[in-house]
Amino acid sequence: MAETSSTHADRTGPLAEIGVIGGSGFYSLLDDVTEITVDTPYGAPSDSLFLGEIAGRSVAFLPRHGRKHHLPPHRINYRANLWALRSAGVRQVLAPCAVGGLREEYGPGTLLVPDQLVDRTKSRIQTYFDGEALPDGSVPNVVHVTFADPYCPAGRQAALAAARGRDWEPVDGGTLVVVEGPRFSTRAESRWHAAQGWSVVGMTGHPETVLARELGLCYTSIALVTDLDAGAETGEGVSHTEVMAVFAKNIGRLRPLIFDAVEALPETGARDCLCTTALSGLDTGITLP
Ligand SMILES: [Zn+2]
């Protein structure tokens with residue numbers, strides 16, 4: 001771990017307890033930050049970690065696609081990203097992301113805090129426990145983590161309370177279906193997703209969520225609807241420009257909402273959610289950072 005600024009050089013203990021992974025259109029969180037680069041056994045994360053403080057809580061921000069958005073969803077090194085955050089001390093992650101709405105009532109600007117996830121990705125490594133030796137010689141065992149409830153219940157409540165506190169009535173719960181991308185869905189795919197009762201569609205929620213679980217991290221997805229998905233509207237279908245424009249319009253109110261959610265998260269040592277016990281009693285074969 002190399003620091004490019006010395007602010008935190010003498011610090012002991014974790015560099016950050018809370019991680020925020022910014023999605024499309026969300027490339028910085030705080031103005032006053034210390035930038036550090038982190039290497040991991042899985043290679044480099046999407047970008048540096050940007051360390052700062054919100055309401056006395058230490059926070060590490062990581063732009064999921066890189067600060068210049070050079071990484072498409074299927075090329076993001078999700079394992080490196082979560083590992084890097086954990087090695088900085090992060091134990092709770094807030095993950096804003098841009099999604100398409102699968103129901104007419106979930107139009108642009110809707111904020112949804114999902115409680116379920118469906119994986120429709122195709123090409124992504126989705127585990128740390130694949131039997132491949134790490135550079136330190138340790139070999140991960142086969143581990144099957146519990147994933148029935150993929151999101152942290154405490155983190156969800158913090159996000160929901162933060163949204164309500166900002167007069168942005170959120171949708172409490174729903175299913176995020178994650179597609180491979182980078183293309184958007186066809187109308188048929190989109191109608192099918194909607195017919196399953198799923199709520200919103202995105203491209204990055206998997207394997208990010210399960211990898212967080214495999215590291216015993218609390219993970220909360222905060223989904224901002226930027227468009228109605230192809231099957232839910234009659235126009236031209238989704239365009240990248242449209243997504244970015246809606247995100248840009250909403251980033252001004254998403255940022256303070258994230259601040260409030262950070263403040264509302266439980267103290268690291270006081271967590272009693274299922275995420276913290278995900279690896280209890282399991283012999284992982286590797287030492288988590
Ligand atoms: Zn949790």
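The structure presented is a predicted model; accordingly, all values stated were derived computationally and were not measured. (Residues numbered from 1 in each chain as written. Predicted model: local features only at pLDDT ≥ 70, side-chain atom pairs only at ≥ 80, totals over all residues.)

**A few points about the overall build of the protein chain**
So, point 1. Summing up its helical and strand segments, the protein chain has 5 helices and 12 strands in all.
So, point 2. Taking 19 Å as the expected radius of gyration for a compact globule of 289 residues, we find that the protein chain reaches 18 Å, a close match to that expectation.
So, point 3. Here the C-alpha coordinates of the protein chain stretch approximately 55 × 40 × 35 Å along the principal axes.
So, point 4. For the protein chain, restricting intrachain contacts to residue pairs at least 6 apart in sequence, the fraction spanning at least 24 positions comes to 82%. (Helix = DSSP H or I, 4+ residues; strand = E, 2+ residues; numbered from the N terminus. Rg over C-alpha atoms; globule rule 2.2 N^0.38 Å. Contact = placed C-beta atoms within 7 Å.)

**Description of the pairing of strand β2 (residues 18-22)**
So, point 1. With 5 of 5 residues buried, β2 is to be regarded as a mostly interior element.
So, point 2. Alternating residues of β2 divide into Ile 18, Val 20 and Gly 22 and Gly 19 and Ile 21, and every residue in both groups is buried.
So, point 3. The pairing of β2 with strand β6 (residues 92-101) spans 3 bridges and is parallel. Following the sheet pairing, Ile 18 is matched in β6 by Gln 92. (Buried ≥ 20, exposed ≤ 12 C-beta atoms within 10 Å, placed from the backbone. Pairing = 2+ DSSP bridges.)

**Brief notes about unusual backbone geometry**
So, point 1. A cis amide bond links Gly 181 to the next residue, Pro 182, at an omega of -5°.
So, point 2. The peptide bond linking His 206 to Pro 207 adopts the cis configuration, its omega dihedral lying at 10°.
So, point 3. The topology assignment puts Pro 207 in helix α4 (residues 205-214).
So, point 4. Even without being a glycine, Ala 55 presents a positive backbone phi close to 50°.

**Observations regarding the nonpolar core**
So, point 1. If you look at the biggest cluster of nonpolar residues, it comprises 76 residues, and the most contacted ones within it are Ala 60 and Val 93.
So, point 2. Counting residues per element, this core draws most heavily on helix α5 (residues 240-264), which supplies 7 residues. (Core = buried A, V, L, I, M, F, W, Y, C linked by C-beta atoms within 7 Å.)

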